[in-house]
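Survey of secondary and tertiary structure
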Amino acid sequence: MEPIRKHNGLVYPLNRANVDTDQIIPKQFLKRISRLGFGEFLFYNWRYDEKGQPRPDFSLNQPKYTNASILVAGDNFGCGSSREHAPWALQDFGFRVIIASSFADIFYNNCTKNGILPVRLTDQEAQQLIENAQAKDYNITVDLESKKVYDSEGFEASFDVAAYQREMLLNGWDEIAVTLTQADKIDKFESNHIIHPAVITN
């Protein structure tokens, strides 16, 4: 995974609460073998009509958000089923950071395991970011090292993240990579616990 230390990007405002994982990536797209390629189906039922044509009234279809890499939403983002495909779709579309006032626990953990930084801010702080991004092209910086979100106009907010998850994101580690950081200890343990085949005698 790509490390996240300090990310500056364009904000996409999704002013909706209780966005569930089926809205993020509908169930009919979960049969893909690869974890790549889910981005085109992100928010599919909102982005496209019954004929598969883009809906001009859905904000993410507006050209101004084409390169957005930070999504700011309402509370309880990622609720519903535990499908890991939801962060895969967000990441494949180009989002590196998701900001909301609250997240479903499983979705939050799936984000950190897949290289997306989920940031909890207060309702007021998240709403301010949404309003700013609705009014203009709006870039912010999310600094995982200092655990702060800020812009060039005076907005600043702090957030918290568990030490283990923060270390994973800062280093670009998934759980396999975390295990491999202990490779020397694992090798030493295995070398001291070799199981010899029994000697069979007649």
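Residues numbered from 1 in each chain as written. Predicted model: local features only at pLDDT ≥ 70, side-chain atom pairs only at ≥ 80, totals over all residues. Heavy atoms only, no water.

**Structural notes on the packing of helix 4 (residues 105–113) against helix 6 (residues 163–171)**
Heads up, the condition is: Fitted lines through C-alpha atoms give the axes, limited to the stretch in contact for helices. The angle between two N-to-C directions lies from 0 to 180 degrees. By definition, any uninterrupted DSSP run of H or I lasting at least four residues is a helix, any uninterrupted run of E lasting at least two residues is a strand, and each is numbered from the N terminus. Contacts were defined at the residue level, with two residues in contact if any of their heavy atoms lie within 4.5 Å.
At a minimum axis distance of 9 Å, the contact between helix 4 and helix 6 shows a crossing angle of 35 degrees. For the pair helix 4 and helix 6, contact is made by Tyr-108, Asn-109, Thr-112 and Lys-113 and by Gln-165, Met-168 and Leu-169, respectively.

**Brief notes about the side chain of Arg-96**
To be explicit about the condition: Summary of the burial criterion: residues with accessible area below 20% of their type's maximum are buried, those above 50% are exposed, and those between are partly exposed, where the area comes from a 1.4 Å probe applied to protein chains only.
Considering the arrangement of structural elements, one finds Arg-96 in the loop between helix 3 (85–93) and strand 3 (97–100). A relative accessible area of 15% places Arg-96 in the buried class.

**Focus: the pattern of salt bridges**
For clarity, the threshold we go by: We count a salt bridge whenever a side-chain nitrogen from Lys or Arg sits within 4 Å of a carboxyl oxygen from Asp or Glu.
Tallying each qualifying case throughout the model produces seven salt bridges. Put simply, Lys-147 and Asp-160 hold a salt bridge, and the shortest N to O gap is 3.6 Å. You can see Lys-147 sitting in the loop between strand 5 (139–143) and strand 6 (148–150) and its partner Asp-160 sitting in the loop between strand 7 (156–158) and helix 6, a full 13 residues away along the chain.

**Here's the deal with the sheet that holds strand 6**
Heads up, the rule is: At least two bridges found by DSSP between two strands is the condition for calling them paired.
Read across the open sheet, the seven strands follow the order 4-3-2-1-5-6-7; overall the sheet is mixed. This sheet does not close on itself; its edge strands, each paired only once, are strand 4 (117–120) and strand 7. Averaged over all pairs of adjacent strands, the angle between their axes in this sheet comes to 25 degrees, without regard to strand direction. Pairing between strand 1 (residues 6–14) and strand 2 (residues 70–73): four bridges, direction parallel. From the neighbouring strand, Tyr-12 faces strand 2, where its bridge partner is Leu-71.

**Quick look at the pairing of strand 4**
This is how it is decided: Seen with its strands pointing away from the viewer, a crossover is right-handed if its path from the first strand over the helix to the second goes clockwise.
Two strands pair when backbone bridges link them, and strand 3 and strand 4 are joined in this way by four bridges, in the parallel orientation. Directly across from Ala-100, in strand 4, lies its bridge partner Arg-120. Regarding the hand of the β-α-β motif, the stretch spanning strand 3, helix 4 and strand 4 is right-handed.

**What to know about unusual backbone geometry**
One non-glycine residue, Asn-18, lies in positive phi territory at about 55 degrees. Here Asn-18 lies in the loop between strand 1 and helix 1 (21–24). On the basis of relative accessible area, Asn-18 is assigned to the partly exposed category, the value being 43%. Its identity as a non-glycine residue notwithstanding, Asn-76 has a phi of 60 degrees, on the positive side. On the secondary structure map, Asn-76 appears in the loop between strand 2 and helix 3.

**Regarding the packing of helix 3 against helix 4**
To keep it simple, the criterion reads: By definition in this entry, angles of less than 35 degrees are roughly parallel, angles greater than 145 are roughly antiparallel, angles of 65 to 115 are roughly perpendicular, and the rest are oblique. Each crossing gets its handedness from the near helix: less than a right angle anticlockwise from the far helix is left-handed, clockwise is right-handed. Classification convention: Asp, Glu, Lys, Arg as charged; Ala, Val, Leu, Ile, Met, Phe, Trp, Tyr, Cys, Pro as nonpolar; all other residues, Gly among them, as polar.
At a minimum axis distance of 9 Å, the contact between helix 3 and helix 4 shows a crossing angle of 50 degrees. Considering their axes alone, helix 3 and helix 4 lie oblique with respect to each other. As helix 3 runs across helix 4, the sense of the crossing is right-handed. Contacts between helix 3 and helix 4 involve Ala-86, Pro-87 and Leu-90 from the former and Phe-107, Asn-110 and Cys-111 from the latter. Residues that form the contact of helix 3 with helix 4 fall into these classes: five nonpolar, one polar and no charged.

**Describing the packing of aromatic side chains**
Formally: Geometry of aromatic contacts follows a simple scheme: Phe, Tyr and Trp rings, the Trp one being its six-membered ring, pair when their centres are within 6.5 Å, and the pair is stacked under 30 degrees between planes, edge-to-face over 60, tilted otherwise.
A full pass over the atoms with the stated rule returns 15 aromatic pairs. Here the aromatic rings of Phe-103 and Phe-107 are separated by 6.3 Å at their centres, their planes lie at 15 degrees, and the arrangement is stacked. Across the pair, exposure class does not vary: Phe-103 and Phe-107 are buried alike. Counting every residue linked through ring pairs, the aromatic cluster contains Tyr-12, Tyr-65, Phe-93 and Phe-95.

**Concerning helix 5 (residues 123–135)**
In an α-helix, one turn spans 3.6 residues, which is why side chains three or four residues apart end up on the same side. To keep it simple, the criterion reads: Between the first and last residue of a helix there are one fewer steps than residues, each counted as 1.5 Å, and that sum is the expected span. For this quantity, the arc is that covered by the directions from the helix axis to the C-beta atoms.
For helix 5, spanning 13 residues, the distance from its first C-alpha to its last is 18 Å, which sits close to the expected 18 Å at 1.5 Å a residue. Within helix 5 the residues assigned to the buried category are Ala-126, Leu-129, Ile-130, Asn-132 and Ala-133. Along the axis of helix 5, the buried residues cluster in a sector spanning 165 degrees; they form a single face. Opposite the buried face of helix 5, at more than 90 degrees from it, the exposed residues are Asp-123, Gln-124 and Ala-135. For helix 5, the elements touching its buried residues are strand 1, strand 2, strand 3, strand 5 and strand 6.

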